[in-house]
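One letter stands for each residue in the lines below.
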Amino acid sequence: MKLQDMFLSETESIKQAIQRLEEVRCKVVYVVKGKKLLASISDGDIRRFTLKAGDINEKVSSIANYSPCTCNEYHKDQWKKIFRESELYSVPIINLNREITGVVFRDGTVIREQEKMDVPVVMMAGGKGTRLHPYTKILPKALIPIGDIPVAEHILNRFFECGCKDCFMIVNHKRGMIQSYFENIDRGYSLEYIEEEQPLGTGGGLSLLRGKVNKDFILTNCDILIDADYTAIYHIHKKKHNFITMVLSEYKADIPYGVVSIDEENNYAGVVEKPTYQYFINTGVYIVNPRVIDELEEDKPISFPDIIEYYRNKGEKIGCYIVNESAYMDMGQFEELEKMKEKLNV
(Lines give C-alpha, C1' and ligand atoms only; values in the text may rest on other atoms or scores of the structure.)
Protein backbone atom coordinates (compact mmCIF):
# COMPACT_ATOMS: atom_id res chain seq x y z
CA MET A 1 0.00 0.00 0.00
CA LYS A 2 1.18 3.48 -0.85
CA LEU A 3 0.74 6.50 1.39
CA GLN A 4 -1.30 8.24 -1.32
CA ASP A 5 -3.81 5.36 -1.24
CA MET A 6 -4.94 6.56 2.20
CA PHE A 7 -5.77 10.09 1.01
CA LEU A 8 -9.13 11.60 0.03
CA SER A 9 -10.13 15.13 -0.92
CA GLU A 10 -13.01 17.03 0.66
CA THR A 11 -14.86 16.97 -2.65
CA GLU A 12 -15.16 13.17 -2.66
CA SER A 13 -18.28 11.38 -1.45
CA ILE A 14 -18.88 9.08 1.51
CA LYS A 15 -19.41 6.30 -1.04
CA GLN A 16 -15.90 6.90 -2.34
CA ALA A 17 -14.58 6.87 1.23
CA ILE A 18 -16.21 3.46 1.77
CA GLN A 19 -14.61 2.15 -1.41
CA ARG A 20 -11.22 3.53 -0.36
CA LEU A 21 -11.45 1.90 3.08
CA GLU A 22 -12.27 -1.45 1.44
CA GLU A 23 -9.30 -1.07 -0.92
CA VAL A 24 -6.66 -0.19 1.65
CA ARG A 25 -8.06 -2.41 4.44
CA CYS A 26 -6.56 -0.24 7.15
CA LYS A 27 -9.67 1.06 8.99
CA VAL A 28 -8.94 4.76 8.43
CA VAL A 29 -8.29 7.18 5.58
CA TYR A 30 -7.27 10.84 5.68
CA VAL A 31 -8.85 13.91 4.11
CA VAL A 32 -6.13 16.15 2.70
CA LYS A 33 -5.61 19.28 0.66
CA GLY A 34 -2.47 18.65 -1.33
CA LYS A 35 -0.70 16.75 1.42
CA LYS A 36 -1.99 18.92 4.27
CA LEU A 37 -4.01 16.93 6.78
CA LEU A 38 -7.56 18.22 7.23
CA ALA A 39 -9.44 15.31 8.82
CA SER A 40 -9.74 11.55 9.23
CA ILE A 41 -12.51 9.07 8.41
CA SER A 42 -12.58 5.71 10.18
CA ASP A 43 -14.67 2.62 9.55
CA GLY A 44 -16.45 3.53 12.80
CA ASP A 45 -17.45 6.90 11.34
CA ILE A 46 -18.90 5.05 8.34
CA ARG A 47 -20.82 2.56 10.52
CA ARG A 48 -22.40 5.30 12.61
CA PHE A 49 -23.39 7.16 9.47
CA THR A 50 -25.00 4.13 7.81
CA LEU A 51 -26.94 3.27 11.00
CA LYS A 52 -28.57 6.68 10.66
CA ALA A 53 -29.51 5.77 7.06
CA GLY A 54 -27.54 8.71 5.70
CA ASP A 55 -27.05 9.42 2.00
CA ILE A 56 -23.69 7.97 0.93
CA ASN A 57 -23.51 10.48 -1.91
CA GLU A 58 -22.92 13.28 0.60
CA LYS A 59 -19.45 14.82 0.78
CA VAL A 60 -16.99 13.25 3.19
CA SER A 61 -16.83 16.54 5.09
CA SER A 62 -20.21 15.71 6.66
CA ILE A 63 -18.78 12.80 8.67
CA ALA A 64 -15.04 13.54 8.84
CA ASN A 65 -13.22 14.12 12.12
CA TYR A 66 -11.56 17.53 11.77
CA SER A 67 -9.54 17.09 14.97
CA PRO A 68 -7.62 13.91 14.20
CA CYS A 69 -4.91 12.59 16.48
CA THR A 70 -1.41 13.10 15.02
CA CYS A 71 2.23 12.67 15.96
CA ASN A 72 4.94 15.16 15.15
CA GLU A 73 7.77 14.30 12.74
CA TYR A 74 10.34 15.41 15.32
CA HIS A 75 8.82 13.72 18.38
CA LYS A 76 8.69 10.19 17.03
CA ASP A 77 7.91 8.48 20.35
CA GLN A 78 4.55 10.25 20.57
CA TRP A 79 2.81 7.44 18.74
CA LYS A 80 3.71 4.87 21.40
CA LYS A 81 1.89 6.91 24.05
CA ILE A 82 -1.06 7.47 21.70
CA PHE A 83 -1.51 3.75 21.09
CA ARG A 84 -1.19 2.96 24.80
CA GLU A 85 -3.96 5.42 25.65
CA SER A 86 -6.35 4.80 22.74
CA GLU A 87 -7.69 2.15 20.40
CA LEU A 88 -6.56 3.92 17.25
CA TYR A 89 -5.44 1.70 14.39
CA SER A 90 -3.04 4.22 12.84
CA VAL A 91 -1.72 7.73 13.39
CA PRO A 92 -0.51 10.16 10.69
CA ILE A 93 2.96 11.66 11.10
CA ILE A 94 2.93 15.35 10.18
CA ASN A 95 5.55 18.04 9.72
CA LEU A 96 5.22 21.58 11.02
CA ASN A 97 3.28 22.56 7.89
CA ARG A 98 0.68 19.86 8.76
CA GLU A 99 1.63 17.80 5.70
CA ILE A 100 1.48 14.05 6.12
CA THR A 101 4.98 12.60 5.87
CA GLY A 102 4.02 9.08 6.89
CA VAL A 103 1.57 6.89 8.78
CA VAL A 104 2.45 4.66 11.74
CA PHE A 105 0.32 1.62 12.58
CA ARG A 106 -0.38 0.01 15.93
CA ASP A 107 2.03 -2.86 15.21
CA GLY A 108 4.87 -0.37 14.65
CA THR A 109 4.79 -0.52 10.85
CA VAL A 110 5.47 2.83 9.21
CA ILE A 111 4.79 3.74 5.59
CA ARG A 112 6.47 6.76 4.05
CA GLU A 113 6.94 8.21 0.60
CA GLN A 114 9.41 10.94 -0.28
CA GLU A 115 8.98 12.20 -3.80
CA LYS A 116 12.30 13.12 -5.39
CA MET A 117 13.29 16.15 -7.43
CA ASP A 118 16.64 16.83 -9.08
CA VAL A 119 16.92 20.59 -8.59
CA PRO A 120 20.10 22.60 -7.87
CA VAL A 121 20.26 24.35 -4.50
CA VAL A 122 22.03 27.69 -4.02
CA MET A 123 22.68 28.82 -0.45
CA MET A 124 23.61 32.39 0.46
CA ALA A 125 26.17 32.03 3.25
CA GLY A 126 28.31 35.15 2.98
CA GLY A 127 26.72 37.38 5.61
CA LYS A 128 28.28 38.39 8.92
CA GLY A 129 25.26 37.49 11.05
CA THR A 130 25.53 40.56 13.25
CA ARG A 131 22.16 39.84 14.89
CA LEU A 132 23.73 36.73 16.44
CA HIS A 133 26.71 38.39 18.10
CA PRO A 134 28.65 37.23 20.05
CA TYR A 135 28.19 33.74 18.49
CA THR A 136 29.10 35.02 15.04
CA LYS A 137 32.25 36.72 16.29
CA ILE A 138 33.57 33.17 16.55
CA LEU A 139 31.53 31.15 14.03
CA PRO A 140 30.06 32.12 10.66
CA LYS A 141 26.27 32.18 10.72
CA ALA A 142 26.04 29.03 8.59
CA LEU A 143 27.87 27.01 11.28
CA ILE A 144 25.76 28.02 14.29
CA PRO A 145 24.71 24.65 15.75
CA ILE A 146 21.12 23.49 16.03
CA GLY A 147 21.54 20.47 18.21
CA ASP A 148 24.52 18.44 17.04
CA ILE A 149 24.95 19.92 13.56
CA PRO A 150 25.08 23.43 12.05
CA VAL A 151 21.98 25.07 10.65
CA ALA A 152 23.35 25.06 7.08
CA GLU A 153 23.87 21.29 7.26
CA HIS A 154 20.28 20.83 8.50
CA ILE A 155 19.06 22.80 5.49
CA LEU A 156 21.15 20.98 2.89
CA ASN A 157 20.28 17.57 4.39
CA ARG A 158 16.59 18.31 3.91
CA PHE A 159 17.06 19.21 0.27
CA PHE A 160 19.17 16.09 -0.26
CA GLU A 161 16.37 13.95 1.21
CA CYS A 162 14.14 15.40 -1.53
CA GLY A 163 16.60 14.34 -4.24
CA CYS A 164 18.69 17.52 -4.63
CA LYS A 165 22.29 16.44 -5.23
CA ASP A 166 23.97 19.55 -6.68
CA CYS A 167 24.49 22.33 -4.14
CA PHE A 168 26.30 25.65 -4.34
CA MET A 169 27.24 27.89 -1.43
CA ILE A 170 28.05 31.56 -1.96
CA VAL A 171 30.55 32.41 0.77
CA ASN A 172 32.45 35.44 1.97
CA HIS A 173 32.73 36.08 5.74
CA LYS A 174 34.74 33.32 7.50
CA ARG A 175 34.50 31.24 4.34
CA GLY A 176 37.53 29.13 5.24
CA MET A 177 35.77 27.79 8.33
CA ILE A 178 32.66 26.91 6.31
CA GLN A 179 34.63 25.09 3.65
CA SER A 180 36.75 23.26 6.21
CA TYR A 181 33.66 22.00 8.03
CA PHE A 182 31.77 20.74 4.98
CA GLU A 183 34.85 19.10 3.48
CA ASN A 184 35.24 16.99 6.63
CA ILE A 185 31.75 15.52 6.96
CA ASP A 186 30.02 12.65 5.22
CA ARG A 187 27.43 13.96 2.77
CA GLY A 188 25.62 12.53 -0.23
CA TYR A 189 25.43 15.79 -2.20
CA SER A 190 28.09 17.69 -4.11
CA LEU A 191 28.92 21.13 -2.76
CA GLU A 192 30.73 23.83 -4.72
CA TYR A 193 31.83 27.05 -3.01
CA ILE A 194 31.40 30.32 -4.86
CA GLU A 195 33.61 32.98 -3.31
CA GLU A 196 32.56 36.63 -3.24
CA GLU A 197 35.52 38.98 -3.24
CA GLN A 198 33.26 41.78 -2.00
CA PRO A 199 29.76 41.67 -0.43
CA LEU A 200 27.17 41.53 -3.22
CA GLY A 201 23.96 41.49 -1.17
CA THR A 202 21.34 38.76 -1.10
CA GLY A 203 21.12 38.59 -4.90
CA GLY A 204 24.27 39.92 -6.55
CA GLY A 205 26.33 36.82 -5.79
CA LEU A 206 24.17 34.81 -8.18
CA SER A 207 26.08 36.38 -11.07
CA LEU A 208 29.06 34.24 -10.01
CA LEU A 209 27.08 31.11 -10.94
CA ARG A 210 27.00 31.93 -14.65
CA GLY A 211 27.70 28.76 -16.63
CA LYS A 212 27.19 26.53 -13.59
CA VAL A 213 23.38 26.49 -13.19
CA ASN A 214 21.21 26.27 -16.30
CA LYS A 215 17.79 25.22 -14.96
CA ASP A 216 15.33 26.36 -12.33
CA PHE A 217 17.03 26.30 -8.93
CA ILE A 218 16.21 26.71 -5.26
CA LEU A 219 17.67 29.76 -3.54
CA THR A 220 17.86 29.75 0.25
CA ASN A 221 19.43 31.72 3.06
CA CYS A 222 21.74 29.81 5.41
CA ASP A 223 19.85 30.62 8.61
CA ILE A 224 16.24 29.60 8.01
CA LEU A 225 14.44 26.28 7.94
CA ILE A 226 11.13 25.62 6.21
CA ASP A 227 9.52 22.41 7.41
CA ALA A 228 7.34 21.77 4.38
CA ASP A 229 7.09 19.54 1.32
CA TYR A 230 9.69 21.08 -1.03
CA THR A 231 8.56 18.91 -3.94
CA ALA A 232 5.03 20.34 -3.63
CA ILE A 233 6.46 23.87 -3.80
CA TYR A 234 8.49 22.97 -6.90
CA HIS A 235 5.51 21.33 -8.63
CA ILE A 236 3.36 24.43 -8.05
CA HIS A 237 6.19 26.59 -9.45
CA LYS A 238 6.29 24.51 -12.65
CA LYS A 239 2.53 24.03 -12.95
CA LYS A 240 1.85 27.77 -12.75
CA HIS A 241 4.78 28.62 -15.05
CA ASN A 242 6.20 31.05 -12.50
CA PHE A 243 9.39 32.90 -13.29
CA ILE A 244 10.14 33.12 -9.56
CA THR A 245 8.20 31.54 -6.71
CA MET A 246 8.53 33.14 -3.29
CA VAL A 247 7.91 30.99 -0.21
CA LEU A 248 5.90 33.05 2.26
CA SER A 249 4.90 32.35 5.84
CA GLU A 250 1.76 33.31 7.66
CA TYR A 251 2.47 35.75 10.48
CA LYS A 252 0.02 36.96 13.11
CA ALA A 253 0.64 40.10 15.13
CA ASP A 254 -1.38 40.70 18.30
CA ILE A 255 -1.76 44.35 19.25
CA PRO A 256 -2.29 44.62 23.03
CA TYR A 257 -3.98 48.04 22.76
CA GLY A 258 -7.05 49.57 21.22
CA VAL A 259 -6.22 50.63 17.66
CA VAL A 260 -7.84 53.95 16.78
CA SER A 261 -8.72 55.10 13.26
CA ILE A 262 -8.75 58.78 12.38
CA ASP A 263 -9.81 60.70 9.31
CA GLU A 264 -7.82 63.19 7.24
CA GLU A 265 -8.56 65.96 9.73
CA ASN A 266 -7.49 63.87 12.74
CA ASN A 267 -11.05 63.26 13.88
CA TYR A 268 -11.89 60.01 15.64
CA ALA A 269 -13.26 57.41 13.19
CA GLY A 270 -13.46 54.25 15.32
CA VAL A 271 -11.53 51.85 17.51
CA VAL A 272 -10.74 48.13 17.44
CA GLU A 273 -9.78 46.61 20.78
CA LYS A 274 -6.65 44.46 20.85
CA PRO A 275 -6.85 43.32 17.22
CA THR A 276 -4.91 40.53 15.57
CA TYR A 277 -3.52 41.25 12.13
CA GLN A 278 -2.35 38.58 9.70
CA TYR A 279 0.45 39.16 7.23
CA PHE A 280 2.49 37.12 4.80
CA ILE A 281 6.23 37.46 5.29
CA ASN A 282 9.13 36.57 3.01
CA THR A 283 10.98 33.50 4.29
CA GLY A 284 14.07 33.91 2.10
CA VAL A 285 13.44 30.72 0.11
CA TYR A 286 12.71 30.95 -3.62
CA ILE A 287 12.53 28.87 -6.78
CA VAL A 288 14.22 30.86 -9.51
CA ASN A 289 14.48 30.85 -13.29
CA PRO A 290 18.15 30.56 -14.40
CA ARG A 291 17.78 33.66 -16.58
CA VAL A 292 18.30 35.63 -13.39
CA ILE A 293 21.89 34.34 -13.25
CA ASP A 294 22.57 35.04 -16.92
CA GLU A 295 21.12 38.56 -16.88
CA LEU A 296 22.64 39.88 -13.65
CA GLU A 297 25.38 42.47 -13.91
CA GLU A 298 28.66 41.04 -12.61
CA ASP A 299 30.04 42.22 -9.27
CA LYS A 300 27.11 44.56 -8.66
CA PRO A 301 25.56 44.43 -5.17
CA ILE A 302 21.80 43.91 -5.27
CA SER A 303 19.20 42.38 -2.97
CA PHE A 304 17.04 39.52 -4.18
CA PRO A 305 13.79 41.44 -3.44
CA ASP A 306 15.08 44.12 -5.85
CA ILE A 307 15.63 41.40 -8.45
CA ILE A 308 12.04 40.23 -7.95
CA GLU A 309 10.72 43.75 -8.38
CA TYR A 310 12.77 44.21 -11.55
CA TYR A 311 11.31 41.11 -13.21
CA ARG A 312 7.79 41.86 -11.99
CA ASN A 313 8.02 45.24 -13.70
CA LYS A 314 9.13 43.44 -16.87
CA GLY A 315 5.94 41.38 -16.79
CA GLU A 316 7.37 38.08 -15.54
CA LYS A 317 5.11 35.99 -13.34
CA ILE A 318 6.08 36.05 -9.65
CA GLY A 319 4.19 33.38 -7.71
CA CYS A 320 3.88 32.74 -4.00
CA TYR A 321 3.60 29.58 -1.91
CA ILE A 322 2.34 30.01 1.66
CA VAL A 323 3.39 27.82 4.58
CA ASN A 324 2.07 27.77 8.14
CA GLU A 325 3.64 30.16 10.62
CA SER A 326 4.88 27.18 12.67
CA ALA A 327 6.69 25.74 9.62
CA TYR A 328 8.97 28.77 9.26
CA MET A 329 12.01 28.87 11.53
CA ASP A 330 14.36 31.86 11.42
CA MET A 331 17.61 31.57 13.34
CA GLY A 332 18.40 35.27 13.00
CA GLN A 333 17.65 36.12 16.64
CA PHE A 334 18.47 34.38 19.91
CA GLU A 335 14.87 33.71 20.94
CA GLU A 336 14.12 32.24 17.52
CA LEU A 337 17.22 30.07 17.75
CA GLU A 338 15.84 28.47 20.91
CA LYS A 339 12.42 28.00 19.33
CA MET A 340 14.05 26.22 16.39
CA LYS A 341 15.73 23.76 18.74
CA GLU A 342 12.44 23.07 20.50
CA LYS A 343 10.52 22.50 17.29
CA LEU A 344 13.15 20.11 15.94
CA ASN A 345 13.48 18.38 19.31
CA VAL A 346 17.29 18.80 19.38
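Criteria and cut-off values
Residues numbered from 1 in each chain as written. Predicted model: local features only at pLDDT ≥ 70, side-chain atom pairs only at ≥ 80, totals over all residues. Heavy atoms only, no water. Pairing = 2+ DSSP bridges. Helix = DSSP H or I, 4+ residues; strand = E, 2+ residues; numbered from the N terminus. Buried < 20%, exposed > 50% of the residue type's maximum accessible area, 1.4 Å probe, protein only. Contact = heavy atoms within 4.5 Å. Core = buried A, V, L, I, M, F, W, Y, C linked by side-chain atoms within 4.5 Å. Salt bridge = Lys/Arg side-chain N within 4 Å of Asp/Glu carboxyl O. Patch = residues over 30% accessible without salt bridge, like charges linked within 9 Å, V, L, I, M, F, W, Y side chains within 5 Å. Areas by Shrake-Rupley, 256 points an atom, 1.4 Å probe, with all protein chains shown as cover. Arc of directions from axis to C-beta.

Right, let's talk about the sheet that holds strand β7 (residues 110-112) for a bit. Read from one edge to the other, the open sheet built from 4 strands follows the order β4-β5-β6-β7, with strand pairing classed as mixed. The open sheet terminates on both sides in strands that have one partner only, identified here as β4 (71-72) and β7.

Residue pairs spaced three or four apart in an α-helix point in one direction, given the helix's 3.6 residues per turn. Here helix α2 (residues 43-51) has its buried residues at G44, D45, I46 and F49. On its buried face, α2 sits against α1 (14-24) and β3 (36-42). Count one or two residues on from α2 and you reach A53, which has phi positive near 60 degrees.

With that settled, consider the nonpolar core. What tends to happen in soluble globular proteins is that the nonpolar side chains get buried as a cluster. L156, M169, F182 and I218 are the most contacted members of the largest nonpolar core, which totals 49 residues. Counting residues per element, this core draws most heavily on helix α5 (residues 151-161), which supplies 5 residues. Each residue touching M169, except ones within four places of it in the same chain, is listed here: M123, A125, L156, I178, F182, L191, E192, Y193 and I194. Judged by nonpolar contacts, the second largest core, of 27 residues, contains V32, A39, F49 and I63.

What follows deals with the pattern of salt bridges. Pairs can form between side chains of opposite charge once their charged atoms are near each other. Scanning all chains against the criterion turns up 22 salt bridges. A salt bridge links E295 to R291, with the shortest nitrogen-to-oxygen separation between them at 2.8 Å. Taken as a pair, E295 and R291 lie in helix α9 (residues 291-295) at a separation of 4 residues, close to a single helical turn. A relative accessible area of 40% means that E295 is categorised as partly exposed. Salt bridges sharing partners connect three or more residues here, namely E12, R20 and E23.

What follows covers a nonpolar patch on the surface. Nonpolar side chains collect at one region of the surface, where V260, I262, Y268 and V271 lie side by side and expose about 400 Å² of accessible area between them. Looking at the nonpolar patch, the elements with two or more residues in it are β16 (258-262) and β17 (268-273). Structurally, I262 can be placed in strand β16.

The next point concerns the environment of V271. Considering the arrangement of structural elements, one finds V271 in strand β17. V271 gets classed as partly exposed once you look at its relative accessible area, which sits at 39%. In this structure, the C-alpha to C-alpha distance between V271 and F304, residues 33 residues apart in sequence, is 38 Å. If sequence neighbours within four positions are ignored, V271 has contacts with G258, V259 and V260.

Summarising burial for strand β13 (residues 217-221): 4 of the 5 residues are buried, a large majority. Bridging between strand β8 (residues 121-125) and β13 involves 4 bridges; their strand directions are parallel. Paired with M124 across the two strands is N221, which belongs to β13. The sheet contact formed by β13 and strand β18 (residues 276-288) spans 4 bridges and is antiparallel. Bridging from a neighbouring strand, I218 pairs with I287 of β18.

The next point concerns helix α6 (residues 175-182). Listed as buried for α6 are I178, Q179 and F182. The buried residues of α6 all sit within an arc of 95 degrees when viewed along its axis, so they share a single face. Where the residues of α6 are buried, they touch β8, α5, β11 (166-171) and β12 (190-195).

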